[in-house]
Amino acid sequence: DTSTPLLVGAGSCPSSHRPRSKLRYNVQNKGDITGMGIKPGVTLIAGGGFHGKTTLLSALKLGVYSKIPGDGREFLVTTPSATKIRAEDGRQIAGVDISNFINNLPQNKKTTQFYSCDASGSTSQAAAIMEYLELGGRCLMIDEDTAATNFMVRDDKIQMLLSADKEPIKPYLYRARELYDRLGVSSILVVGGAGDYLDVADTVLLLDNYTVVDVTERAKEIATTRPAHIPSLPPMVSPKPRTLEPGSLAPFTGKTKVPDRTSISYTMKGEENMSLLDLSALEQIVEVGQTRFINEVLQKMSGERGGRT
């Protein structure tokens, strides 16, 4: 597992794009460059296993950073707010409105201000998306390999077996189109087994032996012959602003340590044993300096009042 670029002839492959996705830019100190562009909307990255879907998404998620010459990804650029979202079983959720995706829970548990100390894959993914929307993000990236299946799709057979009023989860499939059309939030999704997403896609890219091919027209033909059943839902509710309770950051008023880029260790006042804040699901943290900065911010916020989440 390395970020070192492949050598020509050692498995590296160019993109194969059609005029609809070909873009030209004039770059300072470089001149004109051309390549494949992913336009706003709902984009699928499809293909067989081991053909490069996740590799492409991994490159896109790091397109928010500048690269050094020779990296191989110098001109792979994404919008600054582009963020990869994933399921994170066991994470905490504090006061997040996840009702756009999950509601009508057993025992009438409310989801407009949802709390959990041990979230499931689907609730953690719903919370992550709503937290992202709170911050004004405009481009979500999701890989089915790291997503909760029941949050992403419900096929026709499951819909026949389990009526809608018995299923609290409204899959991302049902909201992806609205997220862009009404809220202006694009989606880039890696799919290998969820063909229903062809019905809501603006662009479909196929990875074949690491070569990118635009197959949008063919995908739309397939979607027309076997349309997915996507029910009509009430409009999404815009995220509600939340005010940070500084007391919730009490652990960061004690001793803290950053052992690596994926974690922060801390001790509560009056205690000796250290606890761990796990940041491993934040895949766009690429070096330990970022984690140290997060630690400094949390410590500062824990001593102040009136902050915002």
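Residues numbered from 1 in each chain as written. Predicted model: local features only at pLDDT ≥ 70, side-chain atom pairs only at ≥ 80, totals over all residues. Heavy atoms only, no water.

**Observations concerning the nonpolar core**
(1) Moving on: With 57 residues, the main nonpolar core has F101, I129, F151, Y172 and Y197 as its most contacted residues.
(2) Moving on: Among the elements that take part in this core, helix α2 (residues 121-134) stands out by supplying seven residues, more than any other.
(3) Moving on: Non-local contacts of F151, meaning those with residues more than four positions away in its chain, are made with F101, S122, Q125, A126, I129, I169, P171 and Y172.
(4) Moving on: One finds L244, V258, L279 and L298 within the second-largest nonpolar core, a separate group that totals nine residues. (Core = buried A, V, L, I, M, F, W, Y, C linked by side-chain atoms within 4.5 Å. Buried < 20%, exposed > 50% of the residue type's maximum accessible area, 1.4 Å probe, protein only. Helix = DSSP H or I, 4+ residues; strand = E, 2+ residues; numbered from the N terminus. Contact = heavy atoms within 4.5 Å.)

**Topic: the pattern of salt bridges**
(1) Moving on: Tallied over the full model, the rule gives 12 salt bridges.
(2) Moving on: E131 serves as the salt-bridge partner of R91, at 2.8 Å between the closest nitrogen and oxygen. Taken together, the residues span a long stretch of sequence, with R91 in the loop between β4 (83-84) and β5 (93-96) and E131 in helix α2 at a distance of 40 residues.
(3) Moving on: We classify R91 as buried; its relative accessible area is 16%.
(4) Moving on: E178 is the partner of R182 in a salt bridge, and the nearest nitrogen-oxygen pair spans 2.9 Å.
(5) Moving on: Each of the salt bridges in this network shares a partner with another, and the network as a whole consists of K61, K84, R86 and E283. (Salt bridge = Lys/Arg side-chain N within 4 Å of Asp/Glu carboxyl O.)

**Section: the confidence of the model for the protein chain**
One rule of thumb: low pLDDT means the predicted coordinates there are not for detailed reading.
(1) Moving on: This prediction gives the protein chain a mean pLDDT of 89; 91% of its residues lie at or above 70.
(2) Moving on: Contacts for the low-pLDDT stretch residues 305-309, under 50 throughout, to residues beyond four places or in other chains number 15 contacts. (pLDDT = per-residue confidence, 0-100.)

**Observations regarding a nonpolar patch on the surface**
(1) Moving on: Taken together, I158, L161 and L162 make up a surface patch of nonpolar side chains, about 280 Å² in accessible area.
(2) Moving on: Secondary-structure assignment places I158 in helix α4 (residues 156-161). (Patch = residues over 30% accessible without salt bridge, like charges linked within 9 Å, V, L, I, M, F, W, Y side chains within 5 Å. Areas by Shrake-Rupley, 256 points an atom, 1.4 Å probe, with all protein chains shown as cover.)

**Considerations on helix α5 (residues 172-181)**
An α-helical segment advances 3.6 residues per turn. Residues three or four places apart therefore align on the same side.
(1) Moving on: Here α5 lies mainly inside the structure; seven of its 10 residues are buried.
(2) Moving on: Elements that come into contact with the buried residues of α5 comprise β3 (42-47), α2, β7 (139-143), α3 (149-152), α4 and β8 (186-190).

**Brief notes about the sheet that holds strand β11 (residues 256-260)**
(1) Moving on: Taken together, three strands build an open sheet; the order of strands is β11-β12-β13 and the sheet is antiparallel. Every interior strand has two partners, whereas the edge strands, β11 and β13 (275-278), have only one. Sheet twist, expressed as the mean angle between neighbouring strand axes with direction ignored, is 30°.
(2) Moving on: Where strand β12 (residues 263-266) and β13 come together, four bridges link them in antiparallel fashion. In the strand pairing of β13, Y266 is matched with S275. (Pairing = 2+ DSSP bridges. Axes fitted to C-alpha atoms, helices over the stretch in contact; angles between N-to-C directions.)

**Section: unusual backbone geometry**
A negative phi holds for most residues other than glycine; trans holds for most peptide bonds.
(1) Moving on: Notably, Q107 is not glycine yet its phi reads approximately 60°, a positive angle.
(2) Moving on: Its location among the elements puts Q107 in the loop between β5 and β6 (114-116).
(3) Moving on: Here N108, not a glycine, exhibits a phi torsion of approximately 60°, which is positive.
(4) Moving on: You can call N108 exposed: its relative accessible area is 67%.

**What about the packing of aromatic side chains?**
(1) Moving on: Within this structure, the stated rule accounts for three aromatic pairs.
(2) Moving on: With a centroid separation of 6.3 Å and an interplanar angle of 10°, the aromatic rings of F101 and Y172 are classed as stacked. A residue pair is termed long-range when its members are at least 10 positions apart, and F101 in the loop between β5 and β6 and Y172 in helix α5 qualify at 71 residues.
(3) Moving on: Judged by centre distance (6.4 Å) and plane angle (40°), the rings of F151 and Y172 are tilted. With F151 in helix α3 and Y172 in helix α5, the pair connects residues that are 21 residues apart, well separated along the chain.
(4) Moving on: Three or more aromatic residues joined by ring pairs form one cluster here, namely F101, F151 and Y172. (Phe/Tyr/Trp six-rings, centres within 6.5 Å; stacked < 30°, edge-to-face > 60°.)

**Some points on the sheet that holds β7**
(1) Moving on: Pairing within the open sheet is mixed, and its six strands lie in the order β4-β7-β8-β3-β9-β10. A strand with exactly one partner marks an edge of an open sheet, and here the two such strands are β4 and β10 (211-214).
(2) Moving on: Relative to β8, β7 runs parallel, the two being bridged by five bridges. Each residue of the ladder has a partner; that of I142, found in β8, is L189.

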